[in-house]
Amino acid sequence: MCTVCGCGTSKIEDGHTHNHDHDHSHDHSHHHHHHGDMHFGENDAGVSVPGMDEKRIIAIEQDILGKNDHLAAHNRDHFKAAGIFALNLVSSPGSGKTTLLTRTIEDLKSDLPIAVIEGDQQTANDADRIRATGVAALQVNTGKGCHLDADMIAQAIHRMEMPNDGVMFIENVGNLVCPAAFDLGEAHKVAILSVTEGEDKPIKYPDMFAAADIMILTKIDLLPYLNFDVAACMDYARRVNPDLKIFQLSSTNGEGLEAWYDWIKSGVATAKS
């Protein structure tokens, strides 16, 4: 949980610099919550003071998540009204998330309207990679924050051109812990795991793989050079989440991508109906 992790305010970058304290340019004042307020004692990193009452911590967590879920429902309604299939991509750093995303965009942009909300703690490097494909991308820099939340997404979707009757990819901050708890209003949370990571990641980070309903095993072109047990990985994942749908693919040689693309197209068709 992120209650005491020191999450700061976000900055949305769309060609200009904007500093926000979670204030919308439109009227959603009743939805606001401020990660920047979540500091305890004198610690600038937001670490809780030893001895803080556990019930108080739980109450704060519930308040944060309750407000987040309320705004996530608003986002979900917004996506539904526009026929948008929204996907929340989550993974550890270095999984190949952005590489998969850029390959997916290049292959599908002629068939579907696509836009991207790109989350990182710092820099616009990944958003620049996305924009190079020709689709709209809005960068959200979370600063100290280790995840995107529904408020950040609400701000973003009111600042950018929406991919009506298409797909919105939300690339979350690289982190297999905190993003698990925060609904963004997406249709699916997609957990991406590369074969260059340990096959036991799903049981090391069970909350994420339980929260996701899709898992993508990436970089499978490297399997001949690695000691990675695919069957064990899938077994671990399904111990945590028996209903998990799993794709195995390579963004480099294209293996497995068609099944992933067909699933996206089917989701868009459903969102439009």
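Since we're looking at a predicted model, the values are computed, not measured.

J.: Residues and numbers for the pattern of salt bridges, please.
T.: With the rule as written, the count across this model stands at 10 salt bridges. Where Asp128 meets Arg131, a salt bridge forms, and the shortest distance between an N and an O atom there is 3.1 Å. Within this pair, Asp128 and its partner Arg131 are both found in helix H3 (residues 125-131), separated by 3 residues, close to a single helical turn. Of the charged contacts, one joins Glu197 and Lys201 as a salt bridge, the two residues approaching to 2.7 Å between their closest N and O atoms. Side by side, Glu197 and Lys201 carry an identical accessibility label, which is buried.

J.: Tell me about the layout of surface pockets, and name the residues and values.
T.: Here the largest pocket defines a volume of roughly 200 Å³. At the level of secondary structure, the elements contributing two or more residues to the lining of the largest pocket comprise helix H1 (54-81), strand E2 (85-91) and helix H8 (257-272). Across the lining of the largest pocket, the residue classes tally to 6 nonpolar, 4 polar and 3 charged. Of the pockets and cavities examined, the second largest pocket occupies roughly 160 Å³. Lining the second largest pocket we find 17 residues, and of these Ser92, Pro93, Gly94, Lys97 and Gly174 sit closest to its centre. The leading source of residues in the lining of the second largest pocket is helix H2 (residues 97-108), at 3 residues. A per-class count over the lining of the second largest pocket returns 3 nonpolar, 10 polar and 4 charged.

J.: Quick rundown of helix H4 (residues 150-157)? Include the residues and the values.
T.: In terms of residue burial, H4 counts as a mostly covered element, since 8 of its 8 residues are buried. Every buried residue of H4 is accounted for by Ala150, Asp151, Met152, Ile153, Ala154, Gln155, Ala156 and Ile157. The N-capping residue of H4, defined by a side-chain oxygen 3.2 Å from the backbone nitrogen of Asp151, is Asp149.

J.: Go over the pairing of strand E3 (residues 114-120), please, and point to the residues and values.
T.: Counting buried positions over the 7 residues of E3 gives 7, a clear majority of the element. The alternating pattern of E3 places Ile114, Val116, Glu118 and Asp120 and Ala115, Ile117 and Gly119 on opposite faces, both of which are buried. Here E3 runs beside strand E5 (residues 167-171); their pairing, made up of 5 bridges, is parallel. Bridging from a neighbouring strand, Ile114 pairs with Val167 of E5.

J.: Would you mind going over the environment of Glu197 in detail, with residue names and values included?
T.: In this fold, Glu197 is placed in the loop between strand E6 (188-194) and helix H5 (201-204). For Glu197, a relative accessible area of 12% puts it in the buried group. Taking the C-alpha atoms as reference points, Glu197 and Gly94, separated by 103 residues in sequence, lie 9.1 Å from one another. Other than its neighbours up to four places away in sequence, Glu197 contacts Ser92, Ser95 and Phe228. In terms of polar contacts, Glu197 uses its side chain to reach the backbone amide nitrogen of Ser194, at 2.9 Å. At 2.7 Å, the side chain of Glu197 forms a polar contact with the side chain of Lys201.

What counts and how
- Residues numbered from 1 in each chain as written.
- Predicted model: local features only at pLDDT ≥ 70, side-chain atom pairs only at ≥ 80, totals over all residues.
- Heavy atoms only, no water.
- Salt bridge = Lys/Arg side-chain N within 4 Å of Asp/Glu carboxyl O.
- Helix = DSSP H or I, 4+ residues; strand = E, 2+ residues; numbered from the N terminus.
- Buried < 20%, exposed > 50% of the residue type's maximum accessible area, 1.4 Å probe, protein only.
- 1 Å grid on protein atoms, 1.4 Å probe; cavity = no way out; pocket = protein on both sides within 12 Å on 5 of 7 lines; lining within 4 Å.
- Points joined across faces, edges and corners; volume = space filled by probe spheres on them.
- Nonpolar A, V, L, I, M, F, W, Y, C, P; charged D, E, K, R; others polar.
- Polar contact = N/O pair within 3.5 Å; in protein donor to acceptor, adjacent residues only side chain to side chain.
- Pairing = 2+ DSSP bridges.
- Contact = heavy atoms within 4.5 Å.

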